[in-house]
Amino acid sequence: MRKIAGKVFTWYILLNKRLLKRYSFILMLVLLPLLLFGLKSVSKEESGILHIALVLEENSYINNEIKKELTDKESIILIKEERNKDEALSMLKSGKFDAVWILPKNIEEKINKYLSKGDYLIEVYEKENSIILNLAREKLYKAVNPFISYQVYKKYMHKLLSYNELNDGEKKAIDTDLKKYYNKQDIDKNLLKFAYIDGDEYVEKQDKKTYLLSPVRGLVAMWLVLCAMAVNIYFLQDEKSGLFVWIDRKSRWLFSLAYQFAIMFNLALFSALILWLMKMGEGGLRQLLAMGLLLVSAIAFTSLLRLVFRNINILISFIPIMLLYLLISAPIFIDIGYKGIQGLSPIYYYLNLVYDISYLLPYTLYTGLCLLIGFAIFKFKR
């Protein structure tokens, strides 16, 4: 038994060692770190789906608090303060900004006019209207709303307390108390609780990754499937050159799976390491389970394609079509929502399993079905 284990280990080492002589394999190994390094470098730069200029006509307390709310928090909407209104509008025309928001002088007085007469409060300049700009204006209103809310509260209390009939000292004391009582009611807790469909609570990290890094997990999975396809091509080349004549043809199917697993296991570990280095290894055991199933399903999926085509040139020419399908079907950048198309992709199940344990059974059945169909084709063709 020990002798057989030694032979298997030697075969495992030699099989991986000979791949290091293949330039295409080295290129694939280098491709993923280069791609992710590029994404991480770009993500460190100022980036956003919208670029908005914020102009303060006056450095008042309210204006600075609104600016702090808009600019201090991480967001895919990049808001940058500009000192000069004319320059900001000029950059809007040139396309450097998508919108310009101008916080006015005497904003407290403007708020009162807005409440009593319906006058505008903040000037907003845009080159064109769009859904994403509408959402950005919601962000602006969220920052301004606390001050509007306070003025509504104060105006109501002034009326209730016959404020105009009081002397200056009493008015000052009333305003101080109103401010104190209003701030006392401030609620820090979230109105909404976020959780995955299986009940696990979702906690957003303070050092959250930028939106440019969000597709990393899907790109790593695509890379792993691409490697599995390459390993199948290497298997066909080795088979054609007669390296497996010593393997009984009845056992060739199981041998092909062992051949792939010996190589792909290392690549799966490399993928898990990459995700960990990119600080995307949260989830612990579920992450490892999902990566293990991705490893097996990638082998099963690409083995099925190898058995269907059987020709190296056709298999190579099919790779761009396969990558395009994986990119569209899996929710890497967008979720198309067509389960019939997505259900054929191993990456679709992997990305969902990371966040939802209910995908474990469908993913296992999918992997088993690919292996079963592959075995049936092998038996039929043999």
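Relevant structure appears above.
Residues numbered from 1 in each chain as written. Predicted model: local features only at pLDDT ≥ 70, side-chain atom pairs only at ≥ 80, totals over all residues. Heavy atoms only, no water.

Caption draft 1: Representation of the pattern of salt bridges within the structure. Considering all chains together, one arrives at nine salt bridges under this definition. A salt bridge links Glu108 to Lys154; the nearest nitrogen and oxygen atoms lie 3.4 Å apart. Of this pair, Glu108 sits in helix H5 (residues 107-117) while Lys154 is found in helix H6 (residues 131-160), placing the two residues 46 residues apart along the sequence. One salt bridge in this structure joins Arg310 and Glu239, with 3.3 Å as the shortest N-O distance. Remark: Glu239 occurs in helix H8 (residues 216-240) and Arg310 occurs in the loop between helix H10 (285-309) and helix H11 (312-329); sequence separation between them is 71 residues. (Salt bridge = Lys/Arg side-chain N within 4 Å of Asp/Glu carboxyl O. Helix = DSSP H or I, 4+ residues; strand = E, 2+ residues; numbered from the N terminus.)

Caption draft 2: Broad picture of the packing of helix H9 (residues 252-277) against helix H14 (residues 360-381). Two numbers describe how H9 lies on H14: the axes approach to 10 Å, and their chain directions differ by 135°. As summarised for this structure, H9 and H14 are arranged oblique, according to the angle between their axes. Where H9 abuts H14, its residues Arg252, Trp253 and Leu257 lie against Leu371, Gly374, Phe375 and Phe378. Here the contact of H9 with H14 is built from residues that sort into five nonpolar, one polar and one charged. (Axes fitted to C-alpha atoms, helices over the stretch in contact; angles between N-to-C directions. Parallel < 35°, antiparallel > 145°, perpendicular 65-115°, else oblique. Contact = heavy atoms within 4.5 Å. Nonpolar A, V, L, I, M, F, W, Y, C, P; charged D, E, K, R; others polar.)

Caption draft 3: Structural context of H10. With 25 residues, H10 should cover 36 Å at 1.5 Å per step; its first-to-last C-alpha distance of 36 Å lies within 8% of that length. After H10 finishes, the residue Arg310 shows a positive phi value of roughly 65°. (Expected span 1.5 Å × (residues − 1).)

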